[in-house]
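Structural overview for review
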Amino acid sequence: MSLVICSLLWDAAQGGKQSVSYDNDGYHLVRFPYTSAQESYDPWKMHDPAHGGSTPSKFPDARSGLIWPSHDGWGMLSALVFWEPDSRPNEYRARFVRDPLGAGSGYDSTATTDSSPTGGGQYRSYVWQMFVHKGTPLGFKVSARDTGDVKVKTPLMHAQFKLAIHTDVKVP
C-alpha cells in the first residue's frame, strides 16, 4: 500500500510567537511557513503557496494554514500545539476542518476536541482519520476560551500538522 506524506512544523523560536486571530467560527487556523526546515516535509507539494488563489500565498496569511491532499484516499491527520502560558483560558479546543476557508466544497469540521487546562504547560496532540480528496484543503484550528465562552487570544509557541494518505484503499 502506498503512502504519501505532508509534515508541517512551525516554532516560535525560529519566527516569533504566532498571534491568534479568530475566524467567524470562533477558531484560529494555525499557520505554517513554506519551508523544508526542521521536520517539515512536503515532496508532494501539498503545502505549496500556489494552491488556492490567483497569487502565491505568503506565511502567515490564512492559506498558509492549508494542506491540499495530492491524492484521494484514507487520510491520517495529526497535530500538535503548544500554547503560551496564560491563566485566563479555562478550556482549549481543536478541530480538523475540510475546506476551512470555504473555497470549494464548503466548511466541514470534524474531530472537535475540548479540554481543561492542566497544572503545567498547555501542550496538546490530536489524531483523526477520514477520507481526503484532491482539491479539498484541510486545516487545523484551535481556540482558547474563558468563562462565558469568551475567546482568549493566547499566542502559540509551537505547532505541527501532518497528513499521511493511504492511496491504495481496497474496495469489495
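Looking at the nonpolar core
Where a protein is soluble and globular, its nonpolar side chains tend to be buried together. The biggest cluster of nonpolar side chains holds 31 residues, and the ones touching the most others in it are Phe140, Val142, Leu156, Phe161 and Leu163. If you list the elements that add at least two residues to this core, you get β1 (3-11), β4 (73-83), β5 (91-98), β7 (123-132), β8 (138-146) and β10 (156-166). Among the elements that take part in this core, β10 stands out by supplying five residues, more than any other. Filtering out sequence-adjacent residues up to four positions away, Phe140 remains in contact with His28, Leu29, Val30, Gly65, Ala79, Val81, Ala94, Arg95, Phe96, Tyr126 and Phe161.

Details of unusual backbone geometry
Residue Pro60 is bonded to the preceding Phe59 through a cis peptide linkage, with omega at 10°. Following the sequence through the fold, Pro60 ends up in the loop between β2 (28-29) and β3 (66-67). Of note, Ala111 is a non-glycine position whose phi angle comes to about 60°, a positive value. Of note, Ala111 is situated in strand β6 (residues 108-115).

Structural notes on the packing of aromatic side chains
Counted according to the given criterion, the structure contains eight aromatic pairs. Seen from their ring centres, Trp74 and Phe131 are 4.8 Å apart, and the 75° between their planes marks the pair as edge-to-face. In this pair, Trp74 sits in strand β4 while Phe131 sits in strand β7, placing the two residues 57 residues apart along the sequence. With centroids separated by 5.7 Å and ring planes inclined at 50°, the aromatic side chains of Tyr126 and Phe140 adopt a geometry described as tilted. Taken together, the residues span a long stretch of sequence, with Tyr126 in strand β7 and Phe140 in strand β8 at a distance of 14 residues. Note on accessibility: Tyr126 and Phe140 belong to one class, buried. One aromatic cluster is present, built from ring pairs that chain together Phe32, Phe96, Tyr126, Phe140 and Phe161.

Structural notes on the side chain of Gln122
Mapping Gln122 onto the fold places it in the loop between β6 and β7. Polar contacts involving the side chain of Gln122 include one to the main-chain carbonyl oxygen of Thr118, which spans 3.0 Å. Not counting chain neighbours up to four residues away, the residues in contact with Gln122 comprise Val81, Phe82, Trp83, Tyr92, Ser116 and Pro117.

Topic: the pairing of β4
Inspection of the sheet shows β4 paired to β7 by ten bridges, in the antiparallel sense. Bridging across to β7, Leu77 finds its partner in Trp128. One ladder, built from ten bridges, connects β4 with β10; its direction is antiparallel. Bridge pairing in β10 links Trp74 to His166.

What to know about the layout of surface pockets
Approximately 170 Å³ is the volume found for the largest pocket. As for the largest pocket, its lining consists of Leu8, Pro33, Tyr34, Thr35, Ser36, Ser40, Tyr41, Asp42, Lys45, His47, Asp48 and Pro49. Of the residues belonging to the lining of the largest pocket, the class tally is five nonpolar, four polar and three charged.

Definitions and cut-offs
Residues numbered from 1 in each chain as written. Predicted model: local features only at pLDDT ≥ 70, side-chain atom pairs only at ≥ 80, totals over all residues. Heavy atoms only, no water. Core = buried A, V, L, I, M, F, W, Y, C linked by side-chain atoms within 4.5 Å. Buried < 20%, exposed > 50% of the residue type's maximum accessible area, 1.4 Å probe, protein only. Helix = DSSP H or I, 4+ residues; strand = E, 2+ residues; numbered from the N terminus. Contact = heavy atoms within 4.5 Å. Phe/Tyr/Trp six-rings, centres within 6.5 Å; stacked < 30°, edge-to-face > 60°. Polar contact = N/O pair within 3.5 Å; in protein donor to acceptor, adjacent residues only side chain to side chain. Pairing = 2+ DSSP bridges. 1 Å grid on protein atoms, 1.4 Å probe; cavity = no way out; pocket = protein on both sides within 12 Å on 5 of 7 lines; lining within 4 Å. Points joined across faces, edges and corners; volume = space filled by probe spheres on them. Nonpolar A, V, L, I, M, F, W, Y, C, P; charged D, E, K, R; others polar.

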